[in-house]
Amino acid sequence: MKADDSHIDKNSPPMILEMRGITKSFPGVTANDNVNLELFKGEVLALLGENGAGKSSLMNVLVGLYRPDAGDIYVNGKKVHIHSPKDSMELGIGMVHQNFKLVDTMTVAENVILGEQEQRFAPKMKEVSTRIREISDHYGLNVAPDCYISELSVGERQRVEILKLIYRGAEILILDEPTAVLTPQESQDLYKTIRQMTSEGKSAIFITHKMDEVIRFSDWVRVLKKGKLAAVKRTADTTPTELARLMVGREVLFNIEKDEFKPGDTILQLKNVELKGSDGIKLLDNLNFEIRSGEILGIAGVAGNGQVELTEIITGLRTIDSGSILLNERDRTNKSPIEMIKSGVSHIPSDRVAMGIVGDMSVANNLAMKGYREKPIIRGGILRRARILDLAKRMISVFKISTPSTNTHVKFLSGGNIQKTILAREIDACGDLLVAAYPSRGLDVGATEAVRTEIVKQRDAGRAVLLVSEDLDELVSISDRIAVMFEGKIIGLVDSNTEHEKIGLMMAGIK
Ligand SMILES: Nc1ncnc2c1ncn2[C@@H]1O[C@H](COP(=O)(O)OP(=O)(O)O)[C@@H](O)[C@H]1O
Ligand SMILES: [Mg+2]
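As a starting point, this report considers the structure included with it.

Calculation rules
- Residues numbered from 1 in each chain as written.
- Chains lettered and ligands numbered in written order.
- Predicted model: local features only at pLDDT ≥ 70, side-chain atom pairs only at ≥ 80, totals over all residues.
- Heavy atoms only, no water.
- Pairing = 2+ DSSP bridges.
- Helix = DSSP H or I, 4+ residues; strand = E, 2+ residues; numbered from the N terminus.
- Axes fitted to C-alpha atoms, helices over the stretch in contact; angles between N-to-C directions.
- Buried < 20%, exposed > 50% of the residue type's maximum accessible area, 1.4 Å probe, protein only.
- Polar contact = N/O pair within 3.5 Å; in protein donor to acceptor, adjacent residues only side chain to side chain.
- Near = heavy atom within 4 Å.
- Areas by Shrake-Rupley, 256 points an atom, 1.4 Å probe, with all protein chains shown as cover.
- Nonpolar A, V, L, I, M, F, W, Y, C, P; charged D, E, K, R; others polar.
- Core = buried A, V, L, I, M, F, W, Y, C linked by side-chain atoms within 4.5 Å.
- Contact = heavy atoms within 4.5 Å.
- Lys, Arg positive; Asp, Glu negative; His and termini not counted.
- Salt bridge = Lys/Arg side-chain N within 4 Å of Asp/Glu carboxyl O.
- Parallel < 35°, antiparallel > 145°, perpendicular 65-115°, else oblique.

**Some remarks on the sheet that holds strand β4 (residues 70-75)**
In step 1: Taken together, the 4 strands give an open sheet; going across it, the order is β2-β1-β4-β5, and neighbouring strands pair in antiparallel fashion. Two strands lie at the open edges of the sheet, namely β2 (29-40) and β5 (78-80), each paired on one side alone. Pairwise comparison of adjacent strand axes, ignoring direction, gives a mean angle of 25 degrees for this sheet.
In step 2: By the bridge criterion, 8 bridges tie strand β1 (residues 15-26) to β2 in an arrangement that is antiparallel. Across the sheet, the residue bridging to Met 19 is Leu 37, located in β2.

Pasting the structure below:
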C-alpha cells in the first residue's frame, strides 16, 4: 500500500515535520523501509505497530541517534540535517525514550540543565527551580526540582523527562510507549499534559501498540509493519478493527499437517496464579487455565504483557506470589528448574544464546545435555559416547543444523544454527510438557517450518505444548486454542479458528 498526499485537505493545520523515504538497515534486518511521516501543528500522531515494526528506529533517526541509509527530514518546510539529539533539540524535537536517560544521583533541576552548565550564560539554580515549578504547574506534571532522581517512581521519572524537554523548548514531543510503565491513573494524567501541550500549538508523536490509546488520543495514526508504512489514517475515520488488521496483517501460511484435535488428560494446570514485580505491579494477574495432552495452547499478545514471565514460572525460573501450578495433578508450585525438568518440562527459552547453550562444548554434547538424564545415553553412570553421537547426527539431519562436524564448539555456529541446536535438544528431550517461547524468532523460512512441524509432532504424540509467539500466523496455524495476554491477564481464550482481527483487538486490550 502506498501512502500518498490525498488524505491532507486544505483545512489541515500547517505541517511542521516531514520525514521522506527513510530507510534504515541493520545487519540482517531493514528496520525502516522507505517510510514517510508527516506531523501537523497542534496534533498528535500515533505510531502503531507490533514489536519490531520499526517504530523506535524511525524516531531514533528523527532525534539523530541513528543515521538513516536514505531519506530526508524537513522541519517547517526546510530540509534539516540531524546528527545528534542536540541537533534535534535545537530544532525543537525531543524524545522520551523507553529507557529513561536520567542521572540517578542528581536532582531533578540538575538533570534538567545537564549539559547546559558549560554555557557562558549558565542559569542560576534558583531561577532553574522557579522555571521548573512553573512548567510543572502549567502542565500538571507534579515534579519538585530538588528531589533526587533515585527517589522517584517510574512515572515521576517520565514526567521529569517530559519537563526537561519542555524546559529546553520542545515543540515536538516524541513519547516511546510511554504508558507501558504507567498506572492507569498516571496514563490519564499524561493525556492531560499532552492535551495542554497541543492546545498551545505543540505537537506529539505517540508510539504505542494499544488500540484504545490510539483512538482516544491521536489525530492521525500511521501503522508500521515489518519496517514498512502499512497505512495512514485519520483517527476519526478508522476503527480498532481496521487498525488491528493493518497492524497484524496476514501472510502466506505454511501448510502444516496436523492430526485431529483429541485432547487427553490435563497435563498442566494453573490456578489463581499471581506474580508481582519488584515495584508491586502485577506481572501475572489471576491466571487460570489448563493444557491437556495432545493440545497446543498458543499464547498471543504484544511482547511485554507477561508472556515471558508465564514461561518462567512454569519452568521453575521464577517463583509465584500466590496460586498454584500442577503437573499431572501433582502440585509443582515454585519448584526449582531441575525439579521441573525431572517432572517432564522442556523449555525453549526466549533468550536462547544466554540461557540455552554452552558455547565451549561441542554440538553433540550440547544436544545431549538434557538427554543424558535418560536411560539410553547413561548407563551405570557412564555416558555412552556412541549414543550421544547417534542422537547428534539424527538431530543435525532432522533440523538441518549446519555444522562442520558433531565436534565443533557451538560458539562457532551461526546464530540461526545455535538456535536450531537448542530447539532440537529441547524438543527431543521433551517429557509431558513443552514450553516454547518464540521458537521461530530469528530463524529463516525453512528452519521455521521445521520447528513448527516438530512442535506439532510433539502434540500429535500426546504432549502438552505451551507456545508463546508474537507471530499470529504461527499461533493460528499450529495452536488448538489461543489465550491472549494483556497486562498480565488472560483477556480472552479462544478457538484457533477465531479471526485475526478479533485476536488483534484483544492483543490491544479490547475484549
Ligand atoms: N541498534 C540496533 N541494532 C541492530 N538491530 C536493531 C537496532 N535497533 C533496532 N534494530 C532492529 O530493527 C527492527 C525494528 O526495531 P524497533 O525499531 O526497535 O521496533 P519497534 O520499536 O517497532 O518495536 C528490529 O528487528 C530490531 O531488532
Ligand atoms: Mg520500540
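The structure having been displayed, the exposition proceeds.
**Description of helix α8 (residues 240-248)**
In step 1: Listing the buried residues of α8 in full gives Leu 243, Ala 244, Leu 246, Met 247 and Val 248.
In step 2: The N-cap of α8, judged by a side-chain oxygen 3.1 Å from the amide nitrogen of Glu 242 a few residues on, is Thr 239.

**Examining the site of ligand 1**
In step 1: Inspection of the region around ligand 1 gives Phe 26, Val 29, Ala 31, Glu 50, Asn 51, Gly 52, Ala 53, Gly 54, Lys 55, Ser 56, Ser 57 and Tyr 66 as its neighbouring residues.
In step 2: Within the backbone of Lys 55, an N or O atom sits 2.9 Å from an oxygen atom of ligand 1.
In step 3: At 3.0 Å from a nitrogen atom of ligand 1 is found a side-chain nitrogen or oxygen belonging to Tyr 66.
In step 4: Contact with the protein chains covers 65% of the free accessible surface of ligand 1, which is 560 Å².
In step 5: Only β2 and α1 (55-62) provide two or more residues apiece to the shell around ligand 1.
In step 6: By residue number, the principal contributor to the shell around ligand 1 is α1, which donates 3 residues.
In step 7: Here the residues of the shell around ligand 1 are counted per class, giving 5 nonpolar, 5 polar and 2 charged.

**Considering the nonpolar core**
In step 1: One finds Val 223, Ile 455 and Ile 503 to be the most contacted residues of the largest nonpolar core, which totals 58 residues.
In step 2: Once residues within four sequence positions are removed from consideration, Val 223 is found in contact with Leu 48, Lys 228, Leu 229, Ala 230, Ala 231, Leu 243, Leu 246 and Met 247.
In step 3: Judged by nonpolar contacts, the second largest core, of 33 residues, contains Val 44, Leu 102, Leu 163 and Phe 217.

**Quick look at the side chain of Glu 309**
In step 1: Counting through the fold element by element, Glu 309 comes out in helix α9 (residues 307-314).
In step 2: Buried charge Glu 309 goes without a salt bridge, the closest partner of opposite sign being Arg 318 at 4.4 Å.
In step 3: Leave out the neighbours within four places in its chain, and Glu 309 touches Leu 275, Leu 283, Leu 284 and Arg 318.

**Overview of the packing of helix α5 (residues 154-167) against helix α6 (residues 184-199)**
In step 1: Axis separation between α5 and α6 bottoms out at 11 Å; the angle between their running directions is 10 degrees. Considering the angle they form, α5 stands roughly parallel to α6. Of the residues in α6, those in contact with Gly 155, Gln 158, Arg 159, Ile 162 and Ile 166 of α5 are Glu 186, Leu 190, Thr 193 and Met 197.
In step 2: Here the contact of α5 with α6 is composed, by residue class, of 4 nonpolar, 3 polar and 2 charged.

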